[in-house]
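This is what each chain is made of:
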Amino acid sequence: MAAQRVRLPMLRCSWVTQCFIHWPYPPETVRRLLPHGLEVDECAGAAWVSLTPFVMADLRPHPLPAVPGLPRFPETNLRTYVRRPGGRRGLWFFSLDVTNPLMPAAQAVGVPYRLARLHVAQEGDRLEYTGTRRRADVSYRLAVRCGERITQPTDLDIWLTSRWRAYTRRLGTLWEVPVEHEPWPLAGAAIESLAENLRDAAGLPPCEAEPLVHYSPGVRDVRLGFARPAR
């Protein structure tokens, strides 16, 4: 469950049709890309970097209810796992590619949104995600085959998917955004094809290790809190 309740959310939404591609990296490789005030959060002796394409649904300001016709649009994130000195865990986003032209307004608090052309297609248990960033030679194409539901997630499965705050940095200040939602329902998945240069654009080298892959149909009633300076 979430590490904290978001009692007064700014936004509510659903994250659906989500894929997780997780690569293990040497901690020092990721550490050099983090801002002052954040440390690498390690698991199984590695830092982890995840590519997470999904569909944003039912996005609306709190307290409006979800109703038919609310926006649905793809988003693709490249992230890593961090902690504050003292132990508060969260996510650091190298990039967030999105089709909605309103989302880049979040750059005001350092969220690295970039406009892109994104597409998600599903046929049976096969999913294909594609994206091309506008005004940049950055793109990806991913096809996965979904597997069986994971009824007993491992500690690593939970560690990689249960994060309850995101960190950003703007004008020398570290900000955090609290998040609350139900636990991810997870399934295994296998990559059929993957070509991407998002990691290269973020300053990450290739990773020779095979990635860990998850699929989730999604979580509903995601509650996003107000950004606040990290203390």
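Since the structure is predicted, the reported quantities are computational estimates derived from the model, not experimental observations.

Undergrad: Explanation requested: the nonpolar core in the structure shown.
TA: Across soluble globular proteins, nonpolar side chains show a tendency to be buried alongside one another. Judged by nonpolar contacts, the single largest core of 33 residues is most densely connected at Ile-21, Val-30 and Tyr-129. Where this core is concerned, the elements lending two or more residues are strand S1 (11-25), strand S3 (47-61), strand S4 (72-83), strand S5 (89-98), strand S6 (113-123), strand S7 (126-133), strand S8 (139-149) and strand S12 (212-224). Ignoring anything within four residues of it in the chain, the contact list for Ile-21 reads Val-49, Ser-50, Leu-51, Leu-142, Val-144, Ile-191, Pro-211, Leu-212 and Val-213. Membership of the second largest hydrophobic core comes to 27 residues, among which are Cys-13, Cys-43, Leu-59 and Val-222.

Undergrad: I tried to follow unusual backbone geometry on my own but got confused; where do I start?
TA: With glycine set apart, most residues show a phi of negative sign, and most peptide bonds adopt trans. That bond from His-62 to Pro-63 is cis: its omega, 15°, falls within 30 degrees of zero. Secondary-structure assignment places Pro-63 in the loop between S3 and S4. Backbone geometry places Thr-17, a non-glycine residue, at a positive phi of 50°. Counting through the fold element by element, Thr-17 comes out in strand S1. Unlike most non-glycine residues, Leu-171 shows phi in positive territory, near 50°. Topologically, Leu-171 is positioned in the loop between strand S9 (165-170) and strand S10 (173-180). Among the residues examined, Leu-171 registers a relative accessible area of 80% and is labelled exposed.

Undergrad: Could you clarify how one ought to interpret the side chain of Thr-80 in this entry?
TA: As for its position among the elements, Thr-80 is in strand S4. A distance of 2.7 Å separates the side chain of Thr-80 from the backbone oxygen of Trp-48, its partner in a polar contact. With residues near it in sequence (within four places) discarded, Thr-80 still touches Val-30, Leu-34, Trp-48, Val-49, Gly-90, Leu-91, Trp-92 and Phe-94.

The rules behind these values
- The residue count restarts for each chain, going from 1 along the sequence in the order it is written.
- Given that the model is predicted, a residue must reach a pLDDT of at least 70 before its local features are reported, and side-chain atom pairs must reach 80 or more before they are shown or counted; all residues, however, enter totals for whole chains, interfaces and linings.
- By convention in this description, side-chain values take in all heavy atoms of the structure and omit both hydrogens and water.
- Put simply, a nonpolar core is a bunch of buried Ala, Val, Leu, Ile, Met, Phe, Trp, Tyr and Cys residues held in one set by side-chain atoms that sit within 4.5 Å of each other.
- Here's how the labels work: a residue is buried when its accessible area is under 20% of the maximum for its type, exposed when over 50%, partly exposed in between, all with a 1.4 Å probe on protein chains only.
- In this text, helices come from DSSP runs of H or I with a minimum length of four residues, and strands from runs of E with a minimum of two, each type numbered from the N-terminal end.
- Note on contacts: a residue pair is in contact if any heavy atoms of the two residues lie within 4.5 Å.
- Identification of polar contacts relies on pairs of N or O atoms within 3.5 Å, with a donor-acceptor requirement for protein atoms, meaning one able to donate a hydrogen and the other able to accept it, and with residues adjacent in sequence counted only if both atoms are side-chain atoms.

Don't take any of this as a statement about function, it's just geometry.
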